[in-house]
Amino acid sequence: MQIGVVFPQTEIGPDPGAVRAYAEAAVSFGYRHLLTYEHVLGADPRVHQDWSGVYDLSSNFHEPMVLFGWLAAFSPLELVTGILIAPQRPTVLVAKQAAEVDVLSSGGLRLGVGIGWNAVEYEALGQPFSERGRRLEEQIPLLRRLWTEESVTFHGEFDTVNGAGLAPLPVQRPIPIWIGAAAPPALARAGRLADGWFPMAVPGAALDAASAVVHEAARAAGRDPASLGMEGRVEWSTGDLDKIGHHAEKWRAAGATHLSANTMGAGCETVDDHIAALESMAPVLGAD
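Keep in mind that what you see is a predicted model, and the values were worked out from it rather than measured.

Describing the overall build of the chain
Scanning the chain for helices and strands turns up ten helices and ten strands. Over its C-alpha atoms, taken along the principal directions, the chain stretches across nearly 55 × 45 × 40 Å. Taking as baseline every contact in the chain between residues at least 6 positions apart, the subset at least 24 positions apart corresponds to 72%.

Put into C-alpha cells, the structure is as follows:
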C-alpha cells in the first residue's frame with residue numbers, strides 16, 4: 001500500500017515557501033504521493049443565501065495543474081488530483097495540461113476525475129451542470145486517445161476533434177485515470193472506465209457495498225476488478241496514533257493500494273503544524 005499525503009489546500013495559504021516546505025517534508029518522511037482537491041472558484045453565500053456547500057469564496061484552493069507543474073521542478077512525489085472536476089473544463093485542455101505535468105514530472109501524474117457538486121462553479125465556467133455525468137463518460141476515452149495517438153478525430157455529443165493531436169505526448173501513455181465515487185452511477189462508472197477509484201466511504205459495510213458495485217460494473221465491462229486501484233484516507237483529527245494505525249490497517253485489509261494522510265480540519269494553524277502531524281503519522285502508516 002503506497003502512502004501519501006492530502007495537500008492541505010484550504011489551510012496552507014498562498015506562500016510558495018510554505019508549499020515547498022510541506023512537499024519537501026513529506027518526501028523526507030517517506031511519503032510517496034501528494035493528492036490535492038480542487039475548486040476554480042467559490043460561491044458567495046451572501047448572494048446564494050441558501051448555500052450549503054462545504055466550500056465557498058473564502059476557501060483557498062491552489063490550481064492543481066499549475067501547482068503540479070511547479071512541484072515537478074523539485075519534488076519526486078507522485079502528483080494526484082483527487083479529484084479534478086473534468087466536466088467543467090474543456091476536454092482537450094485537460095488532456096494538454098495533464099500531458100505537460102506528466103512530462104515535467106517524468107511520468108508522475110495520476111489524474112483523478114469526478115463530476116463535482118458545485119452548480120455555481122459550473123455556471124461560471126460555461127458548462128451544463130445537469131449533463132456532467134454524461135460528459136465525463138465521453139471525456140475519459142477521449143483523454144486516453146489524446147494521450148496515445150498522434151492525430152485524433154472524434155465526434156461526440158460534447159466534443160469534436162478533427163485531425164489534431166498533442167505535442168509533446170505524455171510519458172505515460174495513457175496517464176492513469178482514477179474516479180472519485182460515492183453514488184451508484186459514479187461507482188459503476190469507476191468500474192467500467194477507471195484505472196482506480198477514491199471511495200467516499202470508510203472500511204466496513206458501506207465500503208463493502210460500494211466495492212461490490214465497482215467490481216460488478218468492471219466484470220460486466222469485461223475487466224478484472226483486481227486490476228483497479230483503490231485509495232483510502234486517514235485523518236489526523238485527534239492525533240491518536242494507535243487509532244490512525246488501526247484505521248490504516250483496516251484500509252489495507254479492505255484491499256486499498258494507496259492511502260493518504262489528511263491533516264486538514266484538525267486544528268493545524270501553520271504549515272509547521274501540518275508537517276509535525278505528517279511526521280508523527282509516518283511511522284504508524286508505514287511510510288518509507
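Some points on the side chain of Ser211
With respect to the secondary-structure elements, Ser211 resides in helix α8 (residues 205-220). Apart from residues no more than four positions distant in its own chain, Ser211 is found in contact with Trp197 and Met230.

Here we look at the nonpolar core
As a rule of thumb, nonpolar side chains are buried together in soluble globular proteins. Core analysis: the biggest nonpolar cluster contains 75 residues, and Tyr22, Tyr31, Leu111, Trp147, Leu278 and Leu285 have the highest contact counts within it. For this core, the element with the highest residue contribution is helix α10 (residues 271-285), accounting for seven residues. By size, the runner-up hydrophobic cluster in this structure holds twelve residues, among which are Leu35, Val80, Tyr122 and Trp178.

Describing the pairing of strand β9 (residues 229-235)
Among the seven residues of β9, five are classified as buried, and the element is accordingly described as predominantly covered. Alignment of strand β8 (residues 196-199) against β9, held across two bridges, turns out to be parallel. Opposite Trp197, over in β9, you have Met230 as the bridge partner. With α8 bridging β8 and the parallel β9, this β-α-β connection has right-handed handedness. This β-α-β element, β9 to helix α9 (residues 241-253) to strand β10 (residues 258-262), shows right-handed connectivity.

Looking at helix α4 (residues 91-104)
Since one α-helical turn is 3.6 residues long, residues separated by three or four positions face the same way. For α4, spanning 14 residues, the distance from its first C-alpha to its last is 20 Å, which sits close to the expected 20 Å at 1.5 Å a residue. Taken residue by residue, α4 has Thr91, Val94, Ala95, Ala98, Ala99, Val101 and Asp102 as its buried positions. Projection of α4 onto a plane perpendicular to its axis shows the buried side chains occupying an angular sector of 165°, all on one side. Summarising the contacts, the buried residues of α4 are in contact with α3 (64-71), β3 (78-85), β4 (109-114) and α6 (132-148). Positive phi shows up at Ser106, right after α4, with a value of about 55°.

A closer look at the packing of α4 against α6
Following both chains from N to C, one finds α4 and α6 inclined at 45°, their axes separated by 9 Å at the closest point. Compared by their axis directions, α4 and α6 come out oblique. Crossing handedness for the pair α4 and α6: right-handed. Facing Thr91, Val92, Val94, Ala95, Ala98 and Ala99 of α4, the residues of α6 in contact are Arg135, Gln139, Leu142, Leu143, Leu146 and Trp147. Among the residues forming the contact of α4 with α6, the class breakdown is nine nonpolar, two polar and one charged.

Calculation rules
- Residues numbered from 1 in each chain as written.
- Predicted model: local features only at pLDDT ≥ 70, side-chain atom pairs only at ≥ 80, totals over all residues.
- Heavy atoms only, no water.
- Helix = DSSP H or I, 4+ residues; strand = E, 2+ residues; numbered from the N terminus.
- Contact = heavy atoms within 4.5 Å.
- Core = buried A, V, L, I, M, F, W, Y, C linked by side-chain atoms within 4.5 Å.
- Buried < 20%, exposed > 50% of the residue type's maximum accessible area, 1.4 Å probe, protein only.
- Pairing = 2+ DSSP bridges.
- Right-handed = clockwise from strand over helix to strand, strands pointing away.
- Expected span 1.5 Å × (residues − 1).
- Arc of directions from axis to C-beta.
- Axes fitted to C-alpha atoms, helices over the stretch in contact; angles between N-to-C directions.
- Parallel < 35°, antiparallel > 145°, perpendicular 65-115°, else oblique.
- Left-handed = near helix turned anticlockwise from the far one by under 90°.
- Nonpolar A, V, L, I, M, F, W, Y, C, P; charged D, E, K, R; others polar.

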